[in-house]
Every structure is written in structure tokens, then in C-alpha cells.
Amino acid sequence: MIKTTDKQENKITKAFEKILGKENILTSKEDRIMYATDSTAVSTDLYLPDYVLMPQTTQQISEIMKIAYKYAIPVTTRGAGTNMAGACVPFKGGIVICTNKMNNILDFDIQNQTIKVQTGVIVGDMQAFVEKNGLFYPPDPSNLKVSTIGGSLAMSSSGSRTFKYGGTKDYVLDLTVVLSTGEIIKTGSNTIKNATGYNLTQLFVGSEGTLGIITEATFRLIPKPENTNLLLAYFKTVDNAANAINSIILNKIVPSVLDIMDEITMKTIEKYAPAGLLTDNAATLFIEVDGDENAIEKQIQQIKSICRDFNSTEIQIASTEEEKTKLWAARRSSFGAVAKLRPNVLSEDMVVPRSKMPMMIERTYEIAEKYNLNISIVGHAGDGNFHPHIAFDLRDKEETQRVNKAIKELFLQAINFGGKISGEHGIGSVKAKYLKYSVDTFALKYMKQIKNLFDAKGIMNPNKVFDYEIE
Amino acid sequence: MKLNDYKEEIYKCSGCGQCQGVCPVYEALKKECAVSRGKFKLLNAILNNDAKYSKKVLEYMDLCLHCNKCSLFCPSGINAQKIIETAQFDMLKNGIKNQKKLFPARILANKKLMKFAKIFIDIIRNFKILEMINLFNCPNNKLSRYFLKIKVKPQAEKKPSAKTIKALYFKGCINNYVNPSNQNAIKNILQNTPAEIIEADFNCCGLPLKSAGDFECFKEIARENIKTALEKDFDYLIFDCASCKSTFLSYAEYIDGKEKEKAEELTPKIISIYELLDIINYKPALKCDKIAVHYPCHADIKEKSAIKKLLSDCNIVETEDTCCGAAGSFLFDNNKISKEISSKKAESIIRSDANCVVTTCPSCILGLKQGLIKQKSDIEVCQLIELLN
Ligand SMILES: Cc1cc2nc3c(=O)[nH]c(=O)nc-3n(C[C@H](O)[C@H](O)[C@H](O)COP(=O)(O)OP(=O)(O)OC[C@H]3O[C@@H](n4cnc5c(N)ncnc54)[C@H](O)[C@@H]3O)c2cc1C
Ligand code: SF4
Ligand code: SF4
């Protein structure tokens, strides 16, 4: 809650009304409840913001920040509120700035293959827009139909195609950012290359709203691959699947997607939204290849033969667009399917060197058994990034304790294998206390100094990334 | 039925936000209160005593087209419509109600009153429906222009056929009180087919009551309609409106005991006129160019596939499968949002270069026209059954 007098509060409300107009300010308790949570099972307690503000321009956000800075009001930026790290829960109340009305495409430069958007634009909308014009924006978090550009920048999102094409961070060229003081900065340039000064653009990627509010972003685009096709290879053991992956990569084949899905996930999907997955296998590889017809055919033949070498029991190839869409929908629904099992799901997100993947998966199953938990796995196998989905009931204190213990073990295991505790979902509030295990001590010191430099009053998205006690 | 019965289901909302991607009201409003995720967070807080029912809560529950799109996409499989209605019902019991929505719904459900023409006219004056009535009509004068593009196949000499199928016809409020053009079309089409139309004195289907959370009145209507139907001897209960049909199909969920059994007995006989036409193998003498089909949110797969078959000789253009924005009284209660949703639908129709758009629900006709008028388009909107006629 904001610590201000009634008189000040009145003044603040009036000022916001002047900047945004009444219809863009939500203060009723009913509204504030709806902006108190995101997609993460953080807590059964509610942390209400005092204001939910819906600006439409950079200038408006700057004006808001000047007031927030003056009165030291905490500010949490929110896109679609779909992150998986409790990264936009307003633990200290204050202001939630919602970017949903900042959804304009500002400039599309087809000649230079760049696009500039406001950060409330939905990732999938931008993707569809550029594809209509023959270009391609590859980063594809699996909830791209709803998540925002701002959220994907702030969480350094990536997706299945990251294996071949990289993630959000690899396409961003320039950002407009409003700082805690209300100052507006531009971090980069429209040009494809830029070696001019420190790379502030990348500093804000993955900053989770703790350094500033990104209001506009420019991305580079690439030509759209002519075609894609999808192949599913099933294996009786995770080891075989992992060996097939290594062999594909060692043979210099670069599929656009190289994902893995385990038996429990397949079974859950088939139970709730049947897509024709063959569930009597330990793992399946989701492999997408792209290029012209010849390239696709060649890659498919190579991949098929490698998978057979590693005793793949069955290989499915999508023959129609419809089938492709259906299988992709199944892949993207893995979180949702698991969500049907128990009231809550945590989607963890460790990344390990690729060679350690099979061992990490094995350890995950052991930990699940040890703590008697329901854990299923999907992952971007090509990147060594994998998501154990833990289905549980947050209201059951004893079970939640087991979950927390299991997560800690999983993290330490990943770190032991030379990995990190997050590959694409970020740290937010739920992983903050583990950051110190996963980041070099001195690097952490400088990270905190950077935070203080940009946010002297500590008002930007409090309680995230670093380990603070939640009051 | 009380909200508490849905406590677990509401809690199961993971907040994944997938519903934002499909909810037409969210698309227009960009606020959590529009979409099921926000609504569930709020209801969850109420169930946990972190908040109380209020006018505002009702206002937010009413901000819903009952289009069911979110439920279809919800990974947790939560039935939003039922939960929202139940919350409205809970509030109604606690004296929190939206008269603007409830009053016309109750009037519509009062047969005697509805037949009393004067009162009817007064009500529609009150609710500004009068200007809307002409929106229900197919613009015959304009339509003639469009019909020039339709090639009518030479028809074989019609022989009156023996009547072997008894079709009990639920006419619905629009046919009964506003404009009987659908009814006329159906009678005409079925004239020379084996299907015979049987009429009965039905009440309103009850959808306006259901979507206002007035379960008590809704159940009464449901029972009455079931009784009216079962008094007749028929093979099918046919509908020209997808929403009325879906409401009849939902009766069994809302009533208990013997009456539930009766509702279940009725259920397999409930079909749309288009399914009936498919059953009797009706081949429309129709071949038209660039026609868009708007499937009402309440149209089920069976109805859709029957329609596709009927129009298999027509060149159907693709439009986005979004809501028309009308959703009964939503159009009046939240006109600004409704217009925005309609307008978006209209954009997609205009982009498709359609000559005409057909649909199977009178409320959708309003939504489609509202959008096309806003977009200053003169694309015709028409009930499919009238086009077939
Ligand atoms: C079903 C599901 C599947 C997912 N799949 C993937 C996946 O495949 N890959 C992946 O990488 N992630 C995935 N995610 C998580 C992912 O992090 C988020 O979906 C997405 O990146 C967040 O976007 P958002 O708009 O919802 O951001 P929010 O959740 O609203 O915000 C996320 C963080 O960004 C900050 N923020 C938001 N906008 C701005 C801004 N304009 N300026 C500064 N800070 C801002 C917020 O303060 C918060 O800290 C998934 C999530 C779900 C629910
Ligand atoms: S899609 Fe379902 S589970 Fe996800 S936020 Fe919406 S209502 Fe909740
Ligand atoms: S039923 Fe339709 S309008 Fe209502 S919340 Fe769901 S998607 Fe939105």
C-alpha cells in the first residue's frame, strides 16, 4: 500500500486523471483484485495494487513515473500477465501499469526489414503481420497468441524455434524506455549493426520491469522460410531420444524446432485433447524443418534415418496443414493439459548443456519419486532447456513444501551440471531466492548496483529478481 | 445451484491467459473484467471472503456475450458461461440485480403479456428496440440486386409428397412477435417435402433469463416448454435459431428429477431446420457467388455441417470466425463495446469481398447489420432460411 496522506492521495489520483482520463484508471477493489496475480501459483494471499493505469503513450508513462518517483510509489508493469515467475505480482501495492492499450504498430520498414511497435502489441499479432508481408519474426513463446512484446522482452522469452533462429534478444535493435525518474531514453538504433557505446538494449532485455518500462521496440526481421514440415519420432527410452538429438546436430542438420515431450505429458494431452500422439513411448521428439521443398525433403529423410538408427519405434510426418496445426496445438497445450490434473501447476525452466539433458531428465524423475510429486516434462531439447511441469495444490501446505524442496533440488542439480535455473521464463519473485546459487557472486554485486543506478528509490517492480523479504 | 458448487473449478483457473486471445469483449475493452480469467479471479476472491458481491461485480459478470469461446480454448476446461450465470443468480438472490437486463427478459418470457400488443409496443419503445425491428427484415428491395447474382437452377416439377416426418416447430420470439419471415420461409420450403410442420404454443426459450442468472424463472420456462413439446406427437423438434436450440439442449442441465428425465427424452429430437433439410435430403435450387456464412456462437457442429452441405453449390468466402457482438441484450446494455465487436466482424466480411452474409440467429442479424452499418457497407445480411426459400 502507498504510504501517503489522504490529501496526497487525492492529489495523486487527480494527477493521474489529468494524464490518462478517468476511463483509463481503475481503482475499485473489484478491478484491483483482477490485477493482483499473473499465471504463477505464487501464494494464496492477495497483493492488491492501489491503482491500475492504462496508458497509451510513452509520454503518459513518463508523466506517471514522475509522480511515482516523487512520492516513491512502487510501480509494476504488466503486459498480458502470463509470465510464469510471479514477475508482475504487485507485492508492495502501488501502481500497476498495464500496457494492453499500447498496441500500435508504429513503423514497418519492408526495405530495411525492421518493425517498430508499442510494447503492448501481442507477439502473435506482430508475427502474423510481418508474415503477411513475406517476412518472419521467429521468436515463438508457446502462448504467443496472448503475451505481449513488452513481456517477452522483459522476460527474455524464446520458444521452440529458438534452436535455429534465436530468441527475442536476438532480434531487438532499439528500445524506448521510461526510467523510474520519468526520463525517456533510447537505447540503440534502427540499424542492423551498432557498436556505438554500451549495449543498453540488451541490459533491458530480461530486466523484468525492474530497471524501467519499455514502451517502444524496434526489431529486425528475416525472410520467411518458404515452407515447413513437422515430424514426430517416438522412442522407448529418453536416452535413445537424446542420442538421436545429438546425432542430428552432429550431422549438421539444423531443424527449426527440436523439442522433446515425455510419456506423462503425452498421456495427459491425449486424455484431455486427443491429437493422435502414440502414448506407449517414453518420449517423442517434435522436429520441424523449414526451407524449400527440396531442402525439407532432404532433411526429413536424413532425420528419419537417424531416428531409426536410434531405435525410433514410430515416425509420424504431418501430411496436411491441418495435421500440422493439430500437432502444434498439442505441443503448445502441454502446460494446459497438465493444468487439468491438479489445481495448480508450476512450470520450471532449467537449462543445461545439451549433453547433460538425459541425465537431468532422469534426475528429475528421481526427484519426483522422492517427493511423491506429479512431474511431467517438455523441453526444447536442442537448447538443453526443459520444463518440468509440477502439478499440485498450493492450498495444501504439506504438498507445497514438498514442491519447494523438489524445486530446490532440481535447481541445484541443474547448476551442478553446469546449467542455469532459467532458460526463458525468468526469475521473477518465485526464483529470486535461488539467484545467488546460479549467478557469480561478483556479477550479482554489479547487477544490484545496476539496479540501484536505474532505480535509486527501489520503486520499479519490487521483490523481483533479487532476494528481498516479502512483507 | 450456487457459486460455491464451482469453487474448485474456479480455483482451477491457472491464470494462463489463453482466454484473452479469443474473448471478443476483451479484444474490445482490453481490461481483465471483460474476460473469464479476470472474472474468475474476482469470484475466487469472493469465495475466499476477500471481496463481496456488489453492483460492480454484477456489472462485470454482465460484460459477457456468453459466446463460450473462452471455455473452448481454456486448457483447464472451465465452463465460464455456467459459472458467470451462477454468480449472477447468487447475486439476484441477494437482491443485486440488473433491471435493464432482467425486466425485458421476464417480459419476453410472459406469453400472455407478450401477446398483449400494446404493452409490447410500449416495452420496445422503452428499450429502443423499435428502430431495430426493421433491422430484422431482409432488405428485399436491396436483396433483389443481389439475387441477380444468384443462378436459380431449373427445378423439376414439384410433386406434393406424402408427409412421413413430423416436425414440431419452435418459432421463437422473433417469429411470434416481431417478424414472421423465417416462419413463412420454412413453411414454404417444407411444403413439398415429406416433413410436416406441427405448431405448439411455446413460451420464449428462456435464454435471456438464463444469461441474466434468473435461474428460477428460467427453470419454470424450461419445464413449461418441455411440457408443451411432449404433449405433441412428433419426430423432431426443429429450430430456425441456433441460440434457441442450444438453450433447449441445456434444459436438462438445469432441472432435476422426473423433469430432467423428460428433458433428456427431448434432447435427441432437438435439431435445427438445416439438419432437418439434410435429413430429408433437400437440395436447394441455389447457386450463388461469394456468400459469407456467419455461424452463431451457439451453433453446434451438427448444424454447421448441415449448413455446409446445403451450401455446397455456393462459393463460400472465408471470414474470421468471431462473434457478431449482439448477444441479445448485450447489444443494448453495452452498446459501445457491442458496436466495436460488430465492427470488427464487419471488417472481416468486407475484406472477404462477400456479396451477402447469411446466418441462423436473429440476434446475429442485428450484430452483423450493426457492424456493416458502422463500416458503411451495403453488404446484405440475411437469414439463411430466407435465402434458401
Ligand atoms: C501457457 C504459457 C506458455 C508459455 N510458454 C512460454 C514459452 O514457450 N517460452 C517463453 O519464453 N515463455 C513462455 N511463457 C512465459 C512467458 O514469460 C510469458 O508468456 C511472456 O513472455 C510474458 O508476456 P506478458 O505480456 O504476459 O508479460 P507479463 O507477465 O505481463 O510481464 C512479465 C514481466 O515483464 C515485465 N514487463 C511487461 N511489460 C513490460 C514493459 N513494457 N516494460 C518493462 N517490463 C515489462 C513485467 O513487469 C513482468 O516482470 C509461457 C507462459 C504461459 C502462461
Ligand atoms: S484460459 Fe482458462 S485457465 Fe487460462 S486464464 Fe482463462 S479461464 Fe483461466
Ligand atoms: S463467454 Fe465469450 S464473452 Fe464471455 S468471457 Fe468467454 S469469451 Fe468472453
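Residues numbered from 1 in each chain as written. Chains lettered and ligands numbered in written order. Predicted model: local features only at pLDDT ≥ 70, side-chain atom pairs only at ≥ 80, totals over all residues. Heavy atoms only, no water.

Section: the site of ligand 1
Turning to step 1, where the next piece is worked out: The environment of ligand 1 is formed by 35 residues, the closest being A:T77, A:G79, A:T82, A:T148 and A:S157.
Turning to step 2, where the next piece is worked out: Of the chains in the model, those with residues near ligand 1 are chains A and B.
Turning to step 3, where the next piece is worked out: Taking A:A87, its main chain carries an N or O atom lying 2.9 Å from an oxygen atom of ligand 1.
Turning to step 4, where the next piece is worked out: Within the side chain of A:S157, a nitrogen or oxygen atom sits 2.6 Å from an oxygen atom of ligand 1. (Near = heavy atom within 4 Å. Polar contact = N/O pair within 3.5 Å; in protein donor to acceptor, adjacent residues only side chain to side chain.)

What to know about the packing of aromatic side chains
Turning to step 1, where the next piece is worked out: Across all of its chains, the model carries 20 aromatic pairs over all chains by this definition.
Turning to step 2, where the next piece is worked out: Judged by centre distance (5.5 Å) and plane angle (90 degrees), the rings of A:F136 and A:Y165 are edge-to-face. With A:F136 in strand β7 (residues 135–136) and A:Y165 in helix α6 (residues 162–165), this pair connects stretches of sequence that are 29 residues apart. Judged on exposure class, the residue A:F136 and its partner A:Y165 are both buried.
Turning to step 3, where the next piece is worked out: An aromatic cluster of three or more residues is present, and its members are B:F89, B:F170, B:F202, B:F215, B:F218, B:F239, B:F248, B:Y251 and B:Y254.
Turning to step 4, where the next piece is worked out: Directly above the ring of B:Y254 sits B:K82, whose terminal nitrogen or CZ lies 4.9 Å from the centroid. (Phe/Tyr/Trp six-rings, centres within 6.5 Å; stacked < 30°, edge-to-face > 60°. Helix = DSSP H or I, 4+ residues; strand = E, 2+ residues; numbered from the N terminus. Buried < 20%, exposed > 50% of the residue type's maximum accessible area, 1.4 Å probe, protein only. Lys NZ or Arg CZ within 6 Å of the ring centre and 35° of its normal.)

Re the state of the cysteines
Turning to step 1, where the next piece is worked out: Throughout the structure, instances matching the rule amount to zero disulfides over all chains.
Turning to step 2, where the next piece is worked out: Here B:C323 stays unpaired: no disulfide links it, and the sulfur of B:C297, its closest cysteine neighbor, is 3.9 Å away. (Disulfide = S-S within 2.5 Å.)

Remarks on the packing of helix α3 (residues 36–47) of chain B against helix α4 (residues 55–62) of chain B
Residue and element names in this part refer to chain B.
Turning to step 1, where the next piece is worked out: Where α3 meets α4, the closest approach of the two axes is 11 Å, and the angle between their N-to-C directions is 145 degrees. Here the hand of the crossing between α3 and α4 comes out left-handed. Here K39, L42, L43 and I46 of α3 come into contact with α4, specifically with V57, Y60 and M61.
Turning to step 2, where the next piece is worked out: Counted by class, the contact of α3 with α4 contains six nonpolar, no polar and one charged residues. (Axes fitted to C-alpha atoms, helices over the stretch in contact; angles between N-to-C directions. Left-handed = near helix turned anticlockwise from the far one by under 90°. Contact = heavy atoms within 4.5 Å. Nonpolar A, V, L, I, M, F, W, Y, C, P; charged D, E, K, R; others polar.)

Quick word on the interface of chain A and chain B
Turning to step 1, where the next piece is worked out: Across the contact, 36 residues belong to chain A and 32 residues belong to chain B.
Turning to step 2, where the next piece is worked out: Together chain A and chain B conceal approximately 2,500 Å² of surface at their shared face, both sides included; 53% is due to carbon and sulfur atoms.
Turning to step 3, where the next piece is worked out: On the chain A side of the interface with chain B, the three residues burying the most area are A:E30, A:M34 and A:R395, jointly 23% of the side's total.
Turning to step 4, where the next piece is worked out: Between the two partners, chain A and chain B, sit two salt bridges.
Turning to step 5, where the next piece is worked out: The salt bridge involving A:R78 is made with B:E32; its shortest N-O contact spans 3.0 Å.
Turning to step 6, where the next piece is worked out: For the interface between chain A and chain B, the tally reads 17 residue pairs in polar contact (both at pLDDT 80 or more).
Turning to step 7, where the next piece is worked out: Of all elements in the fold, only α2 (29–34) and α12 (334–339) of chain A reach the threshold of two or more residues within the side of chain A that touches chain B.
Turning to step 8, where the next piece is worked out: Considering each element in turn, the side of chain A that touches chain B owes the most residues, five residues, to α2(A).
Turning to step 9, where the next piece is worked out: Considering only residue class, the side of chain A that touches chain B consists of 13 nonpolar, 11 polar and 12 charged. (Buried area = accessible area lost by both parts, 1.4 Å probe. Salt bridge = Lys/Arg side-chain N within 4 Å of Asp/Glu carboxyl O.)

Side note on the side chain of A:E424
All names here are of chain A.
Turning to step 1, where the next piece is worked out: Considering the arrangement of structural elements, one finds E424 in the loop between α14 (397–416) and α15 (435–438).
Turning to step 2, where the next piece is worked out: Buried and unpaired, E424 has R331 as its nearest opposite-charge partner, separated by 6.5 Å.
Turning to step 3, where the next piece is worked out: Of the polar contacts made by the side chain of E424, one reaches the side chain of H380; its length is 3.1 Å. (Lys, Arg positive; Asp, Glu negative; His and termini not counted.)

A look at the domain arrangement of chain B
Many descriptions give the size of an interface as the accessible area lost when the pieces come together.
Residue and element names in this part refer to chain B.
Turning to step 1, where the next piece is worked out: One can read the domain layout of chain B as domain 1 (3–97) and domain 2 (283–388).
Turning to step 2, where the next piece is worked out: Taking the mean C-alpha position of each, domain 1 and domain 2 sit 27 Å from one another.
Turning to step 3, where the next piece is worked out: If you look at the interface, domain 1 gives 13 residues, while domain 2 gives 13 residues.
Turning to step 4, where the next piece is worked out: Carbon and sulfur atoms make up 69% of the area that domain 1 and domain 2 hide from each other, which totals about 990 Å².
Turning to step 5, where the next piece is worked out: Three residues, A28, L65 and K69, lead the burial of domain 1 against domain 2; their summed loss comes to 45% of the area buried on that side. (Domains from an automatic or database assignment.)

A short note on the sheet that holds strand β6 (residues 114–118) of chain A
Residues and elements named next belong to chain A.
Turning to step 1, where the next piece is worked out: Strand order in this open sheet of five strands is β5-β6-β10-β8-β9, and the pairing throughout is antiparallel. The strands lining the two open edges of the sheet, one partner per strand, are β5 (105–109) and β9 (184–186). Going from strand to strand, the sheet's axes swing by 10 degrees on average, the running direction of each strand aside.
Turning to step 2, where the next piece is worked out: In the sheet, strand β8 (residues 172–178) pairs with strand β10 (residues 213–220) via six bridges, with the strands oriented antiparallel. Each bridged residue has a counterpart across the sheet, and for L175 the counterpart in β10 is A217. (Pairing = 2+ DSSP bridges.)

Focus: helix α4 (residues 123–132) of chain A
For an α-helix the count is 3.6 residues per turn, leaving residues at separations of three or four pointing the same way.
All names here are of chain A.
Turning to step 1, where the next piece is worked out: Looking only at α4, the buried set comprises V123, G124, M126, Q127 and V130. Looking down the long axis of α4, one finds its buried residues gathered within 160 degrees of arc, a one-sided arrangement.
Turning to step 2, where the next piece is worked out: A positive phi of about 80 degrees marks G134, the residue just after α4. (Arc of directions from axis to C-beta.)

As for the sheet that holds strand β1 (residues 165–170) of chain B
All names here are of chain B.
Turning to step 1, where the next piece is worked out: In space, the four strands of this open sheet follow the order β2-β1-β3-β4, with parallel pairing throughout. Strands at the two margins of the open sheet, each flanked by one partner only, are β2 (195–199) and β4 (270–272). In this sheet, neighbouring strand axes are inclined to one another by 40 degrees on average, regardless of whether the strands run parallel or antiparallel.
Turning to step 2, where the next piece is worked out: When β1 meets strand β3 (residues 236–239), the two strands line up parallel, connected through four bridges. The residue bridging A167 from the neighbouring strand is Y236, located in β3.
Turning to step 3, where the next piece is worked out: Each of β1 and β2 touches helix α13 (residues 181–190); the most contacted strand, β2, lies at about 145 degrees to it.
Turning to step 4, where the next piece is worked out: Strands β1, β3 and β4 of the sheet are contacted by helix α16 (residues 242–254), whose axis makes an angle of about 165 degrees with β4.

Details of the domain arrangement of chain A
Residue and element names in this part refer to chain A.
Turning to step 1, where the next piece is worked out: Under the domain assignment used here, chain A contains domain 1 (105–223), domain 2 (227–335) and domain 3 (341–438).
Turning to step 2, where the next piece is worked out: Distance from the C-alpha centre of domain 1 to the C-alpha centre of domain 3: 28 Å.
Turning to step 3, where the next piece is worked out: Opposite the nine residues of domain 1 that make contact, domain 3 presents nine residues.
Turning to step 4, where the next piece is worked out: Together domain 1 and domain 3 conceal approximately 610 Å² of surface at their shared face, both sides included; 40% is due to carbon and sulfur atoms.
Turning to step 5, where the next piece is worked out: Area buried by domain 1 at its contact with domain 3 is led by M155, F163 and E208, which between them contribute 58% of it.
Turning to step 6, where the next piece is worked out: Here domain 1 is connected to domain 3 by three residue pairs in polar contact (both at pLDDT 80 or more).
Turning to step 7, where the next piece is worked out: By residue class, the composition of the side of domain 1 that touches domain 3 is two nonpolar, six polar and one charged.

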